[in-house]
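Descriptive analysis of the structure
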Amino acid sequence: MRLKLFIWRQKNAQDKGHMEKYPVDDVQEDMSFLEMLDVLNEKLILEGKEPVAFDHDCREGICGACSLTINGIPHGHEKGTTTCQLHMRKFKDGDTIYIEPFRAKAFPVIKDLVVDRSAFERIMQAGGFISVNTGNAIEANSLPIPKKNAELAMDAAQCIGCGACVAACPNAAAMLFVSAKVSQFALLPQGQPERKRRVLAMVNQMEKEGFGACTNFYECEAACPKQISVRFIAMMNRDYLCSRVSEPVEV
Amino acid sequence: MILINYLKSTILSKFVMAITGVILVLFVIGHCVGNLQVFLGKDAFNSYAYFLQERLGELLWLIRIGLIAAAVFHIITSVWLKFLNWGAKPTKYQVKNYVKARLTSRTMIWTGIMIFAFLTYHILHFTMGVVHPEDYNKTDYYVTNAVSVDKVNNGTLNDTEGSDECCAEGTATNAKESIINYNGSMYKVEGDEPILSERHDAYAMVISGFQKPLVSILYIIGVILLGFHLNHAIQSSFQTLGYNNPKYFPKIVAGSTILSILIVLCYIAIPISILLGLVGGRV
Ligand code: HEM
Ligand code: SF4
Ligand code: FES
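What comes next concerns the included structure. Here the structure is a predicted model, which is why all the values come from computation and not from measurement.

Rules used throughout
Residues numbered from 1 in each chain as written. Chains lettered and ligands numbered in written order. Predicted model: local features only at pLDDT ≥ 70, side-chain atom pairs only at ≥ 80, totals over all residues. Heavy atoms only, no water. Helix = DSSP H or I, 4+ residues; strand = E, 2+ residues; numbered from the N terminus. Buried < 20%, exposed > 50% of the residue type's maximum accessible area, 1.4 Å probe, protein only. Contact = heavy atoms within 4.5 Å. Areas by Shrake-Rupley, 256 points an atom, 1.4 Å probe, with all protein chains shown as cover. Near = heavy atom within 4 Å. Polar contact = N/O pair within 3.5 Å; in protein donor to acceptor, adjacent residues only side chain to side chain. Nonpolar A, V, L, I, M, F, W, Y, C, P; charged D, E, K, R; others polar. Buried area = accessible area lost by both parts, 1.4 Å probe. Salt bridge = Lys/Arg side-chain N within 4 Å of Asp/Glu carboxyl O.

A word on the overall build of chain B
Helices and strands together make up the secondary structure of chain B, namely 10 helices and 5 strands. Taking all 283 residues of chain B together, 41% fall into the buried category. The long-range share in chain B, meaning contacts at least 24 apart out of those at least 6 apart in sequence, stands at 74%. For chain B, the exposed surface amounts to about 15700 Å²; the carbon and sulfur share of it is 66%.

And the structure:
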């Protein structure tokens, strides 16, 4: 396959950055998108040029590190797929592909296609946990959980924190991510003691980080590689309002 | 300041958008039903207008203040959020593809601002009579203490002509149960003496307003823009207020589209029928 790539190049956080054109010839259909970039980088290195910097880790769709906006859609047009799991057979010979970093004020570009997503870590530190003493696991049947809740909680817990929802949102809102992280606990008994404090603290941190407001475009849901439903955003809205009026503690 | 403290939270801001929006939607529906009475004729429409303007008394101002407050908060919050959202995405993509966002959802602020402009014109036109004052300054004479009857079989007819002042005078001394003729309509007098009263002729105002094609077109455009706004807004308010059940939400989205189309059709039926001369052909 021959492809014409336009890739965002930016030396560092201060650099203005620009799109640069890279023709690639020797692309195999069964390569993943990241392998295709590896091939390009090897060529660039041989030519003595600076390779394109991009984030990746597991390359099996579970870590959330790979973060590319491909032809204007985070993780590309393939539904429910991370960039690392997107294969070149989904493209046609001769295609032009635009590759840009995730865009959001809260995700500043570090270099080329790499962005700083530590805003998500700070949101998790604000409340994305439960406080329990470690020790022996308790007898599973002593804590009954309705099947429906267990399933919904697992749906929410599928979020890998990749940030595609923010990148896809025209407002750079982080509502899908935060709502998934809030709901996975709000649906389970273990999450109840800190439920109100959690949603208030996480939303508060989300707003401090400079993410936008939700306008119900539902672009996040469309881009999410784990197909997290915007239904969790509605759940979080409810949870947040109830907690605002009933939780007396300032967070 | 305490009134706008909620702006610090994006979720609270969205609640305010949704709640004020729902208040405005309810008004839009009520207003539509009221306006459709123009198809029932002059008397029905003018007594409805009279009821709103004169009978409601303080309640009218309470409703007006509520609606103005809802609109003010809706607009302040929407502009605030728009600037916040622009700020959150300072660098745009060189190439952007939308998957689920639609034209209606992406243009909310612009349809909103145009609705605001249209609303201002509409209030200056039909509520305050500032633009096109010739439409506004019309008086309707009507008979009180009497009910209109379509067919008069054996009543005594006062052979008065339909000129404005004479009739009520002429029948003022009539006994109970007499039938009078005013402006070609028959009225059966009940109880006390019939009185000739004056009221604002809202019907003639609407007719002469919409008989101007340019005015009608402006209203039609304004209402279609409102339809675009509502198409996204109605379902959006459910999501914002925390109701998104996978079983019913697709129906809510469809209902949002159907309701917004219905509202547009009902509203534009009025200027279109008047332009075509189907209503109020002779004012
Ligand atoms: C009769 C007039 C109007 C009605 C019935 C109406 C109704 C609504 C409703 C129900 C929503 C949904 C709220 C939500 O997303 O949860 C909404 C959103 C919105 N309205 Fe209006 N609106 C009206 C006029 C206006 C005006 C005059 C403006 C602006 C100048 C405006 C700007 C907006 C914007 C920007 C949104 C989206 C806000 C967001 O999702 O962040 N609207 N409207
Ligand atoms: S909600 Fe989806 S898109 Fe957003 S961070 Fe989680 S996995 Fe990524
Ligand atoms: S590299 Fe881990 S999800 Fe793509």
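Once the structure has been displayed, the description carries forward.
Things to note about helix 8 (residues 202-210) of chain B
Residues separated by three or four positions in an α-helix point in the same direction, a consequence of the helix having 3.6 residues per turn. Counting buried positions over the 9 residues of helix 8 of chain B gives 9, a clear majority of the element. The complete set of buried residues in helix 8 of chain B reads B:A202, B:Y203, B:A204, B:M205, B:V206, B:I207, B:S208, B:G209 and B:F210.

Some thoughts on the site of ligand 1
Neighbouring residues of ligand 1: 24 residues in total, closest B:K14, B:H74, B:H229, B:S236 and B:T240. Neighbouring residues of ligand 1 are not confined to one chain but are distributed across chains A and B. Between B:K14 and ligand 1, the recorded distance is 2.5 Å, taken from a side-chain N or O atom to an oxygen atom. Within the contact set of ligand 1, an oxygen atom lies 2.8 Å away from a side-chain nitrogen or oxygen of B:T240. When residues of the shell around ligand 1 are traced back to their parent elements, those giving at least two are helix 1 (10-35), helix 3 (58-88), helix 5 (108-127) and helix 9 (213-240) of chain B. Residues of the shell around ligand 1, tallied by class, amount to 14 nonpolar, 9 polar and 1 charged.

A few points about the interface of chain A and chain B
Accessible area lost on assembly of the parts is the figure often given for the size of an interface. Tallying the contact residues gives 46 residues for chain A and 38 residues for chain B. Summing both sides of the interface, chain A and chain B together bury roughly 3400 Å²; the carbon and sulfur share of this comes to 56%. Where chain A touches chain B, the interface holds 1 salt bridge. Here chain A and chain B share 30 residue pairs in polar contact (both at pLDDT 80 or more) between them. Taken together, the elements giving at least two residues each to the side of chain A that touches chain B come down to strand 5 (96-101), helix 4 (164-168), helix 6 (195-208), helix 7 (219-223) and helix 8 (231-246) of chain A.

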